[in-house]
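Each chain, written out:
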Amino acid sequence: MPRTVIRGGLVITAAEETHADVLIEDEKIVALAASDSECARGWSADRIIDATGKYVIPGGVDPHTHMEMPFGGTFAADTFETGTRAAAWGGTTTIVDFAIQTKGHALREGLDAWHLKAGGNCAIDYGFHMILSDVDQGSLKEMDLLVEEGVTSFKLFMAYPGVFYSDDGQILRAMQRGAHNGGLIMMHAENGIAIDVLVEQALAEGRTDPRYHGEVRKALLESEATHRAIQLARVAGAPLYVVHVSAEEAVAELTQARDKGLPVFGETCPQYLFLSTDNLAEPDFEGAKYVCSTPLRPREHQAALWRGLRTNDLQVVSTDHCPFCFSGQKELGRGDFSKIPNGMPGVEHRMDLLHQAVVDGHISRRRWIEIACATPARMFGLYPKKGTIAPGADADVVIYDPGAEQTLSVETHHMNVDYSAYEGKQITGQVRTVLSRGTTVIDQREYTGRAGHGRYVPRATCQYLS
Ligand code: URP
Ligand code: ZN
Ligand code: ZN
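These numbers come from a predicted model, not from an experiment.

### Overview of the pairing of strand E1 (residues 3-7)
Of the pairings in the sheet, the one linking E1 to strand E3 (residues 17-25) comprises four bridges and is antiparallel in character. Paired with arginine 3 across the bridge in E3 is glutamate 25. Bridging between E1 and strand E5 (residues 47-50) involves four bridges; their strand directions are parallel. What sits directly across from threonine 4, in E5, is arginine 47.

### Quick word on the coordination of the zinc ion (ligand 2)
Here the zinc ion (ligand 2) is held by the protein donor atoms Lys155 (NZ), His188 (ND1) and His244 (NE2), which lie 2.1 Å from it. Mapping the donors of the zinc ion (ligand 2) onto the primary sequence yields the spacing K-x32-H-x55-H.

### Let's talk about the coordination of the zinc ion (ligand 3)
Ligation of the zinc ion (ligand 3) by protein atoms is provided by His64 (NE2), His66 (NE2) and Asp320 (OD), these donors lying 1.9 to 2.1 Å from the ion. For the zinc ion (ligand 3), the four donor atoms in the first shell make angles of 88 to 134° at the metal, a pattern classed as tetrahedral. In the primary structure, the donors to the zinc ion (ligand 3) are separated according to the pattern H-x1-H-x253-D. Between the zinc ion (ligand 3) and the zinc ion (ligand 2), a separation of 4.0 Å is found. In this pair, histidine 66 is assigned in the loop between strand E7 (60-65) and strand E8 (70-71) and aspartate 320 in the loop between strand E16 (316-317) and helix H13 (350-359), connecting sequence segments 254 residues apart.

### Some details on the pattern of salt bridges
Using the criterion set out here, one finds 27 salt bridges in the structure. A salt bridge links arginine 108 to glutamate 149, with the nearest nitrogen and oxygen atoms 2.7 Å apart. Taken together, the residues span a long stretch of sequence, with arginine 108 in helix H3 (residues 107-118) and glutamate 149 in the loop between helix H4 (137-148) and strand E12 (153-157) at a distance of 41 residues. By relative accessible area, glutamate 149 is classed as partly exposed at 33%. Salt bridges linked by common partners bring Glu27, Lys28, Asp125, Lys385, Lys386, Asp394, Asp396, Arg437 and Arg455 together as one network.

### Some points on the site of ligand 1
In the vicinity of ligand 1 there are 13 residues, among which Lys155, His188, Ser293, Asp320 and Asn342 approach most closely. Aspartate 320 is positioned such that a nitrogen or oxygen atom in its side chain is 2.6 Å from a nitrogen atom of ligand 1. With respect to ligand 1, the backbone of glycine 343 contributes an N or O atom lying 3.4 Å from an oxygen atom. Of the residues assigned to the shell around ligand 1, the class counts are four nonpolar, seven polar and two charged.

### So, the nonpolar core
Among the nonpolar cores identified, the biggest contains 129 residues, and Ile57, Met175, Ile185, Met187, Leu240, Tyr241 and Trp368 are the most heavily contacted of them. With eight residues, helix H8 (residues 219-236) is the single largest residue contributor to this core. Apart from the residues lying within four places of it in its own chain, the contact partners of tryptophan 368 are Tyr55, Ile57, Met351, Leu354, His355, Val358, Ile363 and Tyr400. Formed by 15 residues, the second largest nonpolar core is a distinct cluster that contains Val11, Ile24, Ala51 and Ile399.

### Brief notes about the packing of aromatic side chains
Taken as a whole and judged by the stated rule, the model has 16 aromatic pairs. Here phenylalanine 80 and tyrosine 126 contribute two aromatic rings whose centre-to-centre distance is 6.5 Å and whose plane-to-plane angle is 55°, an arrangement assigned as tilted. Taken together, the positions of phenylalanine 80 in helix H2 (residues 80-89) and tyrosine 126 in strand E11 (residues 125-131) put the pair 46 residues apart, joining distant regions of the chain. For tyrosine 126, a relative accessible area of 4% gives the class buried. Through a chain of ring-to-ring contacts, the aromatic side chains of Phe71, Phe157, Tyr160, Phe164 and Phe324 assemble into a single cluster. Its end group placed over the ring of tryptophan 114, lysine 117 keeps NZ or CZ at 3.8 Å from the ring centre. Note that arginine 378 overlies the ring of tyrosine 383, its terminal NZ or CZ placed 4.0 Å from the centroid.

### Some remarks on helix H6 (residues 192-204)
For H6, built from 13 residues, the straight-helix expectation of 18 Å at 1.5 Å per residue is met to within 8% by its first-to-last C-alpha distance of 18 Å. Every buried residue of H6 is accounted for by Gly192, Ile195, Val199 and Ala202. Angular distribution of buried residues about the axis of H6 spans 75°; they occupy a single face of the element. Set apart from the buried face of H6 by more than 90 degrees, the exposed residues are Glu200 and Ala204. Of the surrounding elements, those touching the buried residues of H6 are helix H7 (211-216) and H8.

Cut-offs applied
Every chain begins its residue count from 1, and numbering advances along the sequence as written. Numbering of ligands from 1 and lettering of chains from A proceed in the order in which they are written. Owing to the predicted nature of the model, reporting of local features is limited to residues with pLDDT of at least 70; listing and counting of side-chain atom pairs is limited to 80 or more, with chain, interface and lining totals taken over all residues. Only heavy atoms go into the side-chain values, all of them from the structure, while hydrogens and water stay out. One requirement defines pairing of two strands: DSSP has to find at least two bridges between them. Each helix is a run of H or I in the DSSP string that is no shorter than four residues. Each strand is a run of E no shorter than two, and both are numbered from the N terminus. For Na, K and Ca the donor cut-off is 3.2 Å, while for other metals it is 2.8 Å, and in both cases only N, O and S atoms qualify; water is not among them, so sites may look incomplete. In short, tetrahedral needs four donors with all angles between 85 and 135 degrees, square planar needs four and octahedral six donors with opposite donors over 155 degrees apart and all other angles between 65 and 115, and whatever is left is irregular. Salt bridges are defined by distance alone: a side-chain nitrogen of Lys or Arg within 4 Å of a carboxyl oxygen of Asp or Glu. Per-residue accessibility, obtained with a 1.4 Å probe over protein chains only, is compared with the maximum for each type, and a residue is labelled buried under 20%, exposed over 50%, and partly exposed between these values. Here a residue is near a molecule or strand as soon as one of its heavy atoms is found within 4 Å of it. Whenever two N or O atoms come within 3.5 Å, that pair is a polar contact, provided that in protein one can donate a hydrogen and the other can accept it, and provided that, for residues adjacent in sequence, both atoms are side-chain atoms. We call Asp, Glu, Lys and Arg charged. Ala, Val, Leu, Ile, Met, Phe, Trp, Tyr, Cys and Pro are nonpolar, and the rest, Gly among them, are polar. We define the nonpolar core as a collection of buried residues of types Ala, Val, Leu, Ile, Met, Phe, Trp, Tyr and Cys that are connected through side-chain atoms lying within 4.5 Å of one another. Contacts were defined at the residue level, with two residues in contact if any of their heavy atoms lie within 4.5 Å. Each pair of aromatic rings taken from Phe, Tyr and Trp, with Trp reduced to its six-membered ring, is defined by centres within 6.5 Å and is described as stacked if the planes are under 30 degrees apart, edge-to-face if over 60, and tilted in the remaining cases. Think of it as a cone above the ring: NZ of Lys or CZ of Arg counts as a charge over the ring if it is within 6 Å of the ring centre and within 35 degrees of the ring normal. Take the residue count of a helix, subtract one, and multiply by 1.5 Å to get its expected span. Regarding the arc, it is the one traced by the directions from the helix axis to the C-beta atoms.

By themselves, these are just geometric observations and shouldn't be taken as functional.
Put into structure tokens, the structure is as follows:
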């Protein structure tokens, strides 16, 4: 059984920071011991990784990606192969992607289709949530079966009427089912019916540029939907996880619910923390690069998101990675912002951007690991296999250089998309080496992984509820 020792680094988990050596046997972490202790010095190894001056952190867990997602007549540009390779470059070793139920079809069909796309192609481990596009008696029953086989979370949309939208009755039924079978409802909280009225009015008045995407998808329509989702979850006696929270007013709804002790959780994404409506307003249709939903908000909302992350009113930072090339994909919406495919690239940059947040003083090092590794793992039933460095955990480990300087750019990123949302942004900190279940997939900034190394991981139910 191959043995690896990672020597001399600062091991950071959500719970503590210690100068420790890490012993790995085959795919698992088997021991930690103080660096230079007799115990650690006594370890024999086939391979020693010198982490002196570096951080040793758990591989990132990104619980919100959309590889190859069909949207707006096209497909997200990253396949499972390219997207998971890019994730590995950025220090993420597990993704949870969204399988989609097509209207009129069974959940099983959608799940099978996503297994086919991902199987044999991933560089890192992966699991699935299920998007419910058609809540009826059949899909409600199927939810039970999916929970039993490790698909333990279900996304519903209050937005996109005619596509993914569920009405309040369908939402209530799905929540009731989740309360019964342990499935966690993940909510895209925007009032899509009202938004569609504003879209129609904007287009009729000739307001067609990308920036109007942000103007019609009002913060109040995010907070209204968030409030409604929380009340429906209370009625159902179900927990709730609100995805891609971007508006200060929506954070306030989550805070109020959590202050009441309700099992309500929230996620935000780097694009809402670092970008704003200024980007959506970039000239020459460049704003299309930043079209996603919920939309980017005015810069002033960012303080509330950072505060929410510090106070634990927001618990997770995911990427909502859903990349569309500017050329040929985002361009579908020239002259009509509502036809711009919604989504942004980001799976490669989450760990770095959040390390930058540590450098900038927004969060502590341990909170970085908590919101990017440990909590997503617990939220989606993967802990402590994923999300921490401890005996028994999978050896998903990142050697992170906190002092390296890098510039984010389309020229150097590995995502299959023709622009960077962070072009020219300077970051302090960079991934050096990445192990996925003990296998080196990035070795001192060289890709050594392979498509097919990544395994499907069935998940337990949310670990904040038992
Ligand atoms: O704009 C986004 N977020 N696209 C991906 C689909 C979703 O709603 O998460
Ligand atoms: Zn969404
Ligand atoms: Zn999404």
